[in-house]
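Results of the structural survey
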Amino acid sequence: MISATVSKILNYSCVDGPGNRMVLFLQGCNYRCKNCHNPQTIDMCNQCGDCVPSCPTQSLQLTTQNNKPFVTWNMSSCTECDGCLSACNKQSTPKTQQLTVADTLTLIRDNLFFINGITVTGGEATLQLPYIIALFKAIKSDATLQHLSCMIDSNGSLSITGWQMVLPYLDGAMIDLKAWNNSTHRWLTGRDNDRVLATIDWLSQHQKLYEVRLLQIPGITDYEQYIDAVAAYLIALDSSVRIKLNAFQHHGVTGESLNWTTCKKEDIETFAALLTERNVTNLILPSVYV
């Protein structure tokens, strides 16, 4: 049965797409963003066991599966102290679970009367595309679930072939455009942004682009430097697409980004004004700056 490595489940969220949503955080990412707010979601656990002694509640145990070491995690006794994250030399997390599509449908049904839809995020959710396709297909094939909207939160690196495969079951996607200039994007994430731009264009053409997100990092991101080009690009998208401006903060980040200047309300308002002057509409600004 198709399964996914899941690092977290939010039964209810009102910030990961329209309405109240169940959010599945899938482990693993193909980007290495210097400013990642969840760096423990990037790498898969390599089962080395270095984290096991750090657990004060013994919620982690090193066992054997198929004659290989394997770290097990007891969710019920875990206090989320995150000592294991500090102990990991890969900055990964052992606190994941394997969920089959059937397992996930059971969770959805348990919360069915309280949610409007499902969002899969990460890490980078599309690295586990077969699971997403199977899950969304099962939802859309079930008379009791098919009213739920199915959305993907992505860095946009999936190929157009991949988007074509999930398109029949997809209600919308939220895509990060982390920088405009390719060299800036490569420096910030370790990857080029050509696929991101292709993804945004393709999803917009198929009316499946719900939101483009721009993370403003003062002195780092280059949106204002290329504001005319950025604005022209955003204007050309489907008029229903939300343009969400996010403000960089230090929460969760590590390394050099801890020394970067955080984004204040006035920074976002200045950025928003530059876009508005160039006729970009449907802007969504942060409600909180922390």
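Residues numbered from 1 in each chain as written. Predicted model: local features only at pLDDT ≥ 70, side-chain atom pairs only at ≥ 80, totals over all residues. Heavy atoms only, no water.

The next point concerns the pattern of salt bridges. The final tally for this structure, using the stated rule, is 14 salt bridges. Across the pair E80 and K95 runs a salt bridge whose closest N-O atoms are separated by 2.8 Å. Here E80 is found in the loop between strand 4 (68–73) and helix 1 (83–87), whereas its partner K95 is found in the loop between helix 1 and strand 5 (97–100), with 15 residues between them in sequence. Judged by its relative accessible area of 47%, E80 is partly exposed. (Salt bridge = Lys/Arg side-chain N within 4 Å of Asp/Glu carboxyl O. Helix = DSSP H or I, 4+ residues; strand = E, 2+ residues; numbered from the N terminus. Buried < 20%, exposed > 50% of the residue type's maximum accessible area, 1.4 Å probe, protein only.)

What follows covers the side chain of S13. For S13, the location among the structural elements is in strand 1 (residues 3–13). In this view, S13 contacts G19, N20, R21 and V23; residues no more than four positions away in its chain are not counted. (Contact = heavy atoms within 4.5 Å.)

This brings us to the UniProt feature "domain: Radical SAM core" (unreviewed entry) in the protein chain. As recorded in UniProt, the sites labelled "domain: Radical SAM core" (unreviewed entry) are residues 15–285. As annotated, residues 15–285 has a helix share of 28% and a strand share of 20%, and its two end C-alpha atoms lie 12 Å apart. (UniProt positions renumbered as here; feature names shortened; annotations may be inferred.)

The next thing to look at is empty space enclosed by the protein. Evaluated as defined, the whole model comprises 2 cavities of 30 Å³ or more. For the largest cavity, the calculated volume is near 90 Å³. Among the residues forming the lining of the largest cavity, the class breakdown is 7 nonpolar, 5 polar and 3 charged. The computed volume of the second largest cavity comes to approximately 70 Å³. Around the second largest cavity, the lining residues are C45, N46, Q47, C48, G49, D50, C51, C88, S92, T93 and P94. In the lining of the second largest cavity, the residues fall into 5 nonpolar, 5 polar and 1 charged. (1 Å grid on protein atoms, 1.4 Å probe; cavity = no way out; pocket = protein on both sides within 12 Å on 5 of 7 lines; lining within 4 Å. Points joined across faces, edges and corners; volume = space filled by probe spheres on them. Nonpolar A, V, L, I, M, F, W, Y, C, P; charged D, E, K, R; others polar.)

It is worth spelling out the nonpolar core at this point. One finds I108, F136, W163, V212 and L234 to be the most contacted residues of the largest nonpolar core, which totals 70 residues. Setting aside its immediate chain neighbours within four residues, W163 contacts T126, I152, S154, L158, L170, A173, I175, T199, W202 and L203. Among the nonpolar cores identified, the runner-up in size contains 8 residues, and C55, L60, V71 and C84 belong to it. (Core = buried A, V, L, I, M, F, W, Y, C linked by side-chain atoms within 4.5 Å.)

Quick look at the sheet that holds strand 7 (residues 149–154) now. Spatial strand order, 5-1-2-6-7-8-9-10-11: 9 strands in an open sheet with mixed pairing. The two strands at the open ends of the sheet, each matched to only one other strand, are strand 5 and strand 11 (283–284). Direction of pairing for strand 7 relative to strand 8 (residues 172–176): parallel, over a ladder of 4 bridges. The residue of strand 8 that forms the bridge with S154 is I175. Of the strands in this sheet, strand 1, strand 2 (21–26), strand 5, strand 6 (117–121) and strand 7 touch helix 3 (residues 129–141), which is tilted by about 160° from strand 7. (Pairing = 2+ DSSP bridges. Axes fitted to C-alpha atoms, helices over the stretch in contact; angles between N-to-C directions.)

Packing of helix 7 (residues 227–235) against helix 8 (residues 265–277) leaves a shortest axis separation of 9 Å and a crossing angle of 65°. Considering how the two elements wind past one another, helix 7 and helix 8 form a crossing that is right-handed. Side by side, helix 7 and helix 8 meet where I227, V230, A231 and L234 of the first sit next to F271, L274 and L275 of the second. Residues belonging to the contact of helix 7 with helix 8 are distributed by class as follows: 7 nonpolar, no polar and no charged. (Left-handed = near helix turned anticlockwise from the far one by under 90°.)

What follows covers the environment of N181. Mapped onto the elements, N181 comes out in the loop between strand 8 and helix 5 (182–189). The class for N181 is partly exposed, based on a relative accessible area of 22%. Setting aside anything within four residues of it in sequence, one finds N181 in contact with N193, D222 and Y226. At a separation of 2.3 Å, a polar atom in the side chain of N181 contacts the side chain of S183. (Polar contact = N/O pair within 3.5 Å; in protein donor to acceptor, adjacent residues only side chain to side chain.)

This paragraph deals with unusual backbone geometry. G122 connects to G123 through a cis peptide bond whose omega is 15°. With a phi angle near 65°, Q47 is a residue other than glycine that sits in the positive phi range. By relative accessible area, which is 19% here, Q47 ends up buried. Positive phi outside glycine occurs at N67, with the angle close to 65°.

Its place among the elements puts T64 in strand 3 (residues 60–65). Judged by relative accessible area, which is 57%, T64 ranks as exposed.

Now for the layout of surface pockets. Its boundaries defined by the atoms lining it, the second largest pocket holds a volume of some 250 Å³. The wall of the second largest pocket is formed by T5, M44, C45, Q47, F70, V71, T72, W73, P94, T96, Q97 and Q98. Residue assignment for the lining of the second largest pocket shows that the elements contributing at least two residues are strand 4 and strand 5. Among the elements that line the lining of the second largest pocket, the one with the most residues is strand 4, at 4 residues. Split into classes, the residues belonging to the lining of the second largest pocket amount to 6 nonpolar, 6 polar and no charged.

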